[in-house]
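# Inside the fold
Chain by chain, the residues:
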Amino acid sequence: MMGLSALWLADAASNFSDDMSGATFWMPTQASDFAAKVDSLWDFILWVSIFFFVLLMVLTVRFAWKYRQRSPTQRTSPAKHHFKLEFLWSAVPTVILVVIFAWGFSDYTALSATPSNALNVRAVGKQWAWTISYPQLDRECTPTLDPDTGTQTTTFYLPVNQPFTVQLSSDDVVHSFWIPAFRAKKDVLPNRYTGFTVTPTEPGEYNLYCAEYCGTNHSRMQGKVEVLTEEEWAEFLLKSDPRCVIDSNAPNYGEKLFAKYGCAGCHSVAEGRPTVVGPGLYGIVGHEVETDQGTVIADDDYLRESIVFAGKRIVKGFETVKMPSFEGRLSEKELGAIIDYIKGLGKTDHGPTNTNE
Ligand code: CUA
């Protein structure tokens, strides 16, 4: 709870300094139709709480003074029932709680209803990155890896003033999809779909967080949502727009696939960065690797085998196979591109080299 509040506050403060519309010191920008509803209910609960806190503190101090023991021999009179008072202190909180419930339930229903003109977005969480795709648009936004910090940031795009429905699922553990500026958050579960619908109302760039502790790099599971104006969205829809397209002819194809298939969640690609889940890949190509089946040279064939049949020859120190098998999941072209990318790590020219001689 404290962590979330701190994160929320940090987000609010960063928005405040950017001078974005609707942001206050306490709250980030209201960038969706849902945001104002959440904030109104929040304010209501806050002010009800402040009112009763002040009332109770004043009464406590007043009664403590008024009914203080005035002499050592003074005794309290026996307590009696006061029906009206007892009825009031039960009835008033009940009414307030029912109002909060009804208010919250009506907002929750709005969050769960999908209008027919909603844009469908699918978000998949995987330790530790988001992949966000558009089933109607044939586009997929994959994470960008910062090799030095291990942070993976996925940027995706939405049109302003059009409702979007996000369908959430997880490849592994429970994550949580949270866009503070939209005031919308939902747990992301393995083996079950969840989701919500909101309408972005303010163009701009907003943060997407994972709000459920999901392992070592939870805090590095980052995202951005860019809410585009109508003209900008029309541009995004053009076939030629490169955003959220994996171009199999681009030189960074392998790097994109490496991020897309979640390899970066476990294997570090930066020099000297320790890895907890899987062996680091920086500069390994062409070198000897100690495995449970003896020493091997990390050449194309060994990389290929390790991707397709992860458990066959495991690097020493990583006895348990946590990596999923990619048998039948990657095309030859994809495999080649990923291997080329790994071979480029630690090479100044980043070009593929033949290590099969
Ligand atoms: Cu994913 Cu925390």
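Everything discussed here concerns the structure shown above.
First, a word on what this report is: a plain description of the structure on this page. Only a predicted model underlies this, so the values are computations on that prediction, with no experimental measurement involved.

Turning our eyes to something else, we now look at the pairing of strand E5 (residues 152-159). On a regular strand, each side chain points to the face opposite its neighbour's, so the side chains alternate between the two faces of the sheet. With six of eight residues buried, E5 is to be regarded as a mostly interior element. Of the pairings in the sheet, the one linking strand E4 (residues 144-145) to E5 comprises two bridges and is antiparallel in character. Counted as the bridge partner of Thr144 is Thr153 from E5. Once E4 ends, the chain turns through six residues before running back antiparallel as E5, passing Gly150 with a positive phi of about 80°. When E5 meets strand E11 (residues 221-228), the two strands line up parallel, connected through eight bridges. In the strand pairing of E11, Phe156 is matched with Val225.

What follows concerns the pairing of strand E6 (residues 164-170). Across the seven residues of E6, six count as buried, placing the element largely inside the fold. Note that E6 and strand E9 (residues 194-198) share five bridges and pair antiparallel. The partner of Gln167 across the bridge, within E9, is Gly195.

It is worth spelling out helix H6 (residues 300-308) at this point. H6 sits mainly inside the fold: seven of its nine residues count as buried. Among the residues of H6, those classed as buried are Asp300, Tyr302, Leu303, Glu305, Ser306, Ile307 and Val308. Where H6 is buried, its residues touch strand E12 (288-291), strand E13 (294-297) and helix H7 (332-344).

Following the criterion strictly, the structure yields 19 aromatic pairs and no others. Each ring, one from Trp178 and one from Tyr209, has its centre 5.9 Å from the other, and the planes form 45°; the classification is tilted. Taken together, the residues Trp178 in strand E7 (residues 175-179) and Tyr209 in strand E10 (residues 204-210) connect sequence positions 31 residues apart. Note on Trp178: relative accessible area 3%, which makes it buried. The positively charged end of Lys185 is found above the aromatic ring belonging to Trp178, 5.1 Å away from the centroid. When the ring centre of Phe309 is taken as origin, the NZ or CZ atom of Lys312, which lies over that ring, is 5.5 Å away.

What counts and how
- Numbering of residues starts from 1 in each chain and follows the order in which that chain's sequence is written.
- Per-residue local features are limited, in this predicted model, to residues with pLDDT of at least 70; the limit for side-chain atom pairs, both in listing and counting, is 80 or more; totals at the level of whole chains, interfaces and linings are taken over all residues.
- The side-chain values count all of the structure's non-hydrogen atoms but skip hydrogen atoms and water molecules.
- Buried residues are those whose accessible area, probed at 1.4 Å on protein chains only, stays under 20% of the maximum for their type, while exposed residues exceed 50% and partly exposed ones sit between those limits.
- Where helices and strands are cited, they refer to DSSP runs of H or I of at least four residues and of E of at least two residues respectively, numbered from the N terminus.
- Here a strand pair is declared whenever DSSP counts at least two bridges between the two strands.
- Any two residues having at least one pair of non-hydrogen atoms within 4.5 Å are treated as being in contact.
- To pair, rings of Phe, Tyr and Trp, with the six-membered ring standing in for Trp, must have centres within 6.5 Å; the planes then decide the type, stacked if under 30 degrees apart, edge-to-face if over 60, and tilted in the middle.
- Two conditions define a charge located above a ring, namely a distance within 6 Å from the ring centre to NZ of Lys or CZ of Arg, and an angle within 35 degrees of the ring normal.

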